[in-house]
Amino acid sequence: MWYAIEGHDGPDVLAKRLAARGDHLARLHALRDAGRLMLAGPCPAIDAEDPGPAGFSGSIVIAEFPSLEDARTWADADPYIAAGVYARVDVRPFKPVLP
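Residues numbered from 1 in each chain as written. Predicted model: local features only at pLDDT ≥ 70, side-chain atom pairs only at ≥ 80, totals over all residues. Heavy atoms only, no water.

Colleague: How should I be thinking about the pattern of salt bridges in this particular structure?
Modeller: Pairing between side chains becomes possible if they bear opposite charge and their charged atoms approach one another. This structure, assessed with the given rule, holds five salt bridges. Between Glu6 and Arg92 there is a salt bridge; the shortest N-O distance is 3.6 Å. Residue Glu6 is located in strand E1 (residues 2–9), and its partner Arg92 is located in strand E4 (residues 86–94); the two are separated by 86 residues in the primary sequence. Its relative accessible area of 41% is what places Arg92 among the partly exposed residues. Residue Asp78 pairs with Arg27 through a salt bridge whose shortest N-O separation is 3.7 Å. One end of the pair, Asp78, is in the loop between helix H2 (68–76) and helix H3 (79–82); the other, Arg27, is in helix H1 (residues 14–33), with 51 residues separating them in the sequence. Among the residues examined, Asp78 registers a relative accessible area of 5% and is labelled buried. Owing to a relative accessible area of 17%, Arg27 belongs among the buried residues under this scheme. (Salt bridge = Lys/Arg side-chain N within 4 Å of Asp/Glu carboxyl O. Helix = DSSP H or I, 4+ residues; strand = E, 2+ residues; numbered from the N terminus. Buried < 20%, exposed > 50% of the residue type's maximum accessible area, 1.4 Å probe, protein only.)

Structure below.
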C-alpha cells in the first residue's frame, strides 16, 4: 500500500537540513531503486522555487510499504529526525487516483 509521509520542519533548521541532506536522499534513492517511491520533495517556506535563506517548511514522501507500521518505522529513522530538522512527522495511507 502507498503511504504519505509529511515531515514538518522546526524553526531555523536550514543549516541542519543541509547537513543531513545527503543521508536523507540516500534513503530516498534506495526506495526509488526498489520501485517503491512515487514522489518526494521539500516544501519551500515561501512561494519560490529556491527559497534561499527562508528554507523549507517540510517535506513530502509518497512511497510503498507493506503496512502503516512499516511506513512509520521507516519515517522514524529519517536522518532529518536525528538531525533535529523535523519537529513532527505525519504518516497516513495514500490512495493514488490521478493521473
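Colleague: Teacher, can you tell me more about the nonpolar core here?
Modeller: One broad trend across soluble globular proteins is that nonpolar side chains are buried collectively. Judged by nonpolar contacts, Tyr3, Ile5, Leu28, Leu31, Val61, Ala63, Phe65, Ala71, Trp74, Ala75 and Val91 together constitute the single largest core of 11 residues. Every element with two or more residues in this core is listed here: E1, H1, strand E3 (56–64) and H2. With residues up to four places along the chain from it excluded, the contact list for Phe65 reads Met1, Tyr3, Ile5, Leu31, Arg36, Asp70, Ala71 and Trp74. Val13, Tyr80, Val85 and Tyr86 belong to the second-largest nonpolar core, a separate cluster that totals five residues. (Core = buried A, V, L, I, M, F, W, Y, C linked by side-chain atoms within 4.5 Å. Contact = heavy atoms within 4.5 Å.)

Colleague: What is the right way to read the sheet that holds E3 from this model?
Modeller: Strand pairing in a sheet relies on backbone hydrogen bonds, with the paired strands running either antiparallel or parallel. Strand order across the open sheet formed by four strands is E2-E3-E1-E4, with antiparallel pairing between neighbours. Because the sheet does not close on itself, it has two edges, and the strands there are strand E2 (37–44) and E4. Averaged over all pairs of adjacent strands, the angle between strand axes in this sheet comes to 10°, irrespective of strand direction. Relative to E3, E1 runs antiparallel, the two sharing seven bridges. By the bridge assignment for E3, Ile5 is matched with Val61. Most of the contacts of H1 go to E3, to which it runs at about 10°, and overall it touches E1, E2, E3 and E4. (Pairing = 2+ DSSP bridges. Axes fitted to C-alpha atoms, helices over the stretch in contact; angles between N-to-C directions.)

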